[in-house]
Every structure is written in structure tokens, then in C-alpha cells.
Amino acid sequence: MAQGTAMAHIIVFGNEKGGSGKSTTAMHILTALLRCDFKVGVVDLDLRQRTLGRYIENRREYVSKNNFALPLPQLAKMVSVDANDAHSGDEKKLIAFQEVILTLDEAHDFIVVDCAGSHSALAELAHAMADTLVTPMNDSFVDFDLLARIDPQTTAVLGPSVYSEMVWEARKARAQTGAPSIDWVVTRNRVGAQNMHNKRKVGMALQDLSRRIGFRLASGFSDRVVFRELFPHGLTLLDIKDVGGAPLSISNVAARQEVRSLLAELQLPGVTVTF
């Protein structure tokens, strides 16, 4: 269901803090789009760790070895950039990234970009190019601190923090090009059933902040062992039925519903949840 000459919709997964479940979220969303018959290109901008890139490579290897017909995205490689080369400067990386986006745009409906968990000129450019920006965060004030400063006594929001300021700059840069504004979605991952008082406080602070700096809140993924178990095989929860595994457990069914719910909440153009 390619869009022909229409431009691909760019989904950027960004958060300056590692360990938020960013790559896992990106992998499940891109797989969901593939299963909805869209063509998906992928760029992993974490040039050192390459978690999403390795996830997709694991998937290719698993499909090849086991002869399963699982949908695969096109993983682009920024061939002109060596992540370990100290002389590979920002300008070289920025040019390579733009070239990759132009190439993927020709044949894909969606382009998924996974940013590193740190600030860089490359991340700034990716954010400015985002049609949809997804920021997964762990459900704690440690992660919240990247979005905003809070009063330690009242937890009232005092003002935006480093990552929110970077998104604001990206929005201004995008506006100068005349492109539509970025749809920024913050997802709460690893929301625990315990410590309900802290959960409510984080939720209230996020609701306040969302109104002040302009993002939408969406439900994320719970902390489940199955996510870590699937990575070495390149599989997602949407693939388990197709690889001859055991019947889905209650926990896996609930996790699959989380993927379905998040895809619906992202409100991506032309996407109807069909799995």
C-alpha cells in the first residue's frame, strides 16, 4: 500500500536518556506497520550501540535460518560514516543522514528513525525532520527531569528541561521550512502496579507539562521479560503466532494489546490497526 509519489511519513524515536525502551518501542511499531501492509524504511542513528539495527539484523538471520515468512523493513546504512572514527565529524554525518532519508523516501510509506540516547547535531536534525516524534520514558521523576524541572516539595512543573528545549528548537526549525508541525507523543513505559502514589504524581505532572509545552500522552509498554527474550531472535510480540511457538500467555496477550493501543494512539496517517 505504498503512497506512490507522496512523501514518506517520518517517525522519530527520541529521548536523551538511555534505557527507556526506545528501540523496543520502535521495533514493535515498525513491525506493526509492516503487518498493516505498509513499506517501512529504518535508520538507526545510534552509530555505536545500534540496538535497533542489530534487532533487525537478528530478525533477518532468524527468517533466513528458519524459513519463516516474516515481514522485514529496509534497514538503511550510512555507509560514509564510521562511528568509531574520531575524524568523522558532524557535517559528514548530517549529509549522510539526509542522503539516506532521500533514498528511503522514494519507495516507502514510513521511515522510522531511532536516535541515540544522547544529544548530538544528528539528533537535532532528525527531530526537525520528524512528522511524528515518539519519546518513550520510564515512569519516574528521574526520566521526567529530561522533560521539565519540578519543585522537589510540590512536584509542580517549574519549566522545560534540556530535551524539551531541544524539541522546541526543532519545532522552530521545522516551522521555518513551512512544513506541518511535529506531532510529539510521550509514552509512559514500565508503569508498575505498585507505588500508586508515585505513579499518580508522575501522571499529574505529565498532564500539566503536556498542556504547557504541547505533547500528547500515550500508553507505553509494561516491563515484561518477553521483550528481552525476543531481541536475540529479532522477533516482536506480533510474530509469536507465526513462528510455531507456544500459545500466547495471558501476559503476552496483554503486551500485544499494548502494542495495538499505542499504534492507534499515534494516529499515523492512513493506518488502521488490523492485527
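In the block above lies the structure referred to throughout.
Residues numbered from 1 in each chain as written. Predicted model: local features only at pLDDT ≥ 70, side-chain atom pairs only at ≥ 80, totals over all residues. Heavy atoms only, no water.

Asker: Talk me through the environment of V202; I want residue IDs and the actual numbers.
Answerer: Structurally, V202 is set in helix 7 (residues 196-213). Accessibility expressed as a relative area gives 0% for V202, which makes it buried. Linking V202 and S140, residues 62 residues apart in sequence, is a C-alpha distance of 6.5 Å. Setting aside residues up to four positions removed in sequence, V202 forms contacts with D139, S140, F141 and R188. (Helix = DSSP H or I, 4+ residues; strand = E, 2+ residues; numbered from the N terminus. Buried < 20%, exposed > 50% of the residue type's maximum accessible area, 1.4 Å probe, protein only. Contact = heavy atoms within 4.5 Å.)

Asker: I'd like to hear about the environment of R174, residue by residue, with values.
Answerer: Considering the arrangement of structural elements, one finds R174 in helix 6 (residues 162-176). Using a relative accessible area of 7% as the deciding quantity, one classes R174 as buried. Distance in space between the C-alpha atoms of R174 and M129 is 7.0 Å, their sequence separation being 45 residues. If near-sequence neighbours (up to four positions away) are discounted, R174 is found in contact with A128, M129, A130, D131, A179, P180, S181 and I182.

Asker: Tell me about the sheet that holds strand 5 (residues 132-138), and name the residues and values.
Answerer: Picture the strands of a sheet paired through backbone hydrogen bonds; they go either parallel or antiparallel. Strand order in the open sheet made by the seven strands is 3-2-4-1-5-8-9, with parallel pairing throughout. Single-partner strands in this sheet number two, and they are strand 3 (74-75) and strand 9 (216-219). Examined bridge by bridge, strand 2 (residues 40-44) and strand 3 share two bridges and lie parallel to one another. Looking across to strand 3, one finds that G41 is bridged to Q74. Sitting on the sheet, helix 9 (residues 250-266) is in contact with strand 5, strand 8 (183-189) and strand 9, with an inclination near 160° to strand 9. (Pairing = 2+ DSSP bridges. Axes fitted to C-alpha atoms, helices over the stretch in contact; angles between N-to-C directions.)

Asker: Go over unusual backbone geometry, please, and point to the residues and values.
Answerer: With a phi close to 70°, D37 is a non-glycine residue in the positive phi region. As for its placement among the helices and strands, D37 is situated in the loop between helix 1 (22-35) and strand 2. Residue classification places D37 among the exposed residues on the basis of a relative accessible area of 55%. In this structure, R50 is a non-glycine residue whose phi angle is positive, near 50°.

Asker: Account for the pairing of strand 8, naming residues and giving values.
Answerer: Within strand 8, six of the seven residues are buried, leaving the element largely enclosed by the surrounding structure. As paired strands, strand 5 and strand 8 are joined by seven bridges and run parallel to one another. Residue pairing in the sheet places L133 in a bridge with W184 of strand 8. Pairing of strand 8 with strand 9, which is carried by four bridges, proceeds in the parallel orientation. Bridge pairing in strand 9 places V186 opposite L217.

Asker: Which residues make up the nonpolar core, and what values go with them?
Answerer: Of all hydrophobic cores here, the largest spans 42 residues; its most connected members are L30, L33, V112 and L263. When contributions to this core are tallied by element, the ones reaching two or more residues are strand 1 (9-13), helix 1, strand 2, helix 2 (51-66), strand 4 (110-114), helix 8 (225-230) and helix 9. In terms of residue count, helix 1 provides more of this core than any other element does, seven residues in total. With near-sequence residues (within four places) excluded, L263 lies in contact with I29, A32, L33, C36, L268, V271, V273 and F275. Formed by 39 residues, the second largest nonpolar core is a distinct cluster that contains V12, V100, A205 and I213. (Core = buried A, V, L, I, M, F, W, Y, C linked by side-chain atoms within 4.5 Å.)

Asker: So, the packing of helix 1 against helix 2: which residues are in play, and what are the values?
Answerer: Where helix 1 contacts helix 2, the two axes come as close as 9 Å, and the packing angle between them is 45°. Relative to helix 2, the element helix 1 is oriented oblique. Between helix 1 and helix 2 lies a crossing whose hand is right-handed. Residue-level contacts link S23, A26, M27, H28, L30 and T31 of helix 1 to T51, L52, Y55, I56 and R59 of helix 2. Residue composition of the contact of helix 1 with helix 2, by class: six nonpolar, four polar and one charged. (Parallel < 35°, antiparallel > 145°, perpendicular 65-115°, else oblique. Left-handed = near helix turned anticlockwise from the far one by under 90°. Nonpolar A, V, L, I, M, F, W, Y, C, P; charged D, E, K, R; others polar.)

Asker: Kindly report on the packing of helix 4 (residues 121-129) against helix 6, identifying the contributing residues and their values.
Answerer: Interaxial distance between helix 4 and helix 6 falls to 8 Å at its minimum, and their mutual angle equals 55°. The angle between the axes of helix 4 and helix 6 places the two elements in the oblique class. Helix 6 is crossed by helix 4, and the crossing has right-handed handedness. Facing E124, H127, A128 and M129 of helix 4, the residues of helix 6 in contact are Y163, M166, V167, A170, A173 and R174. Partitioning the contact of helix 4 with helix 6 into residue classes produces seven nonpolar, one polar and two charged.

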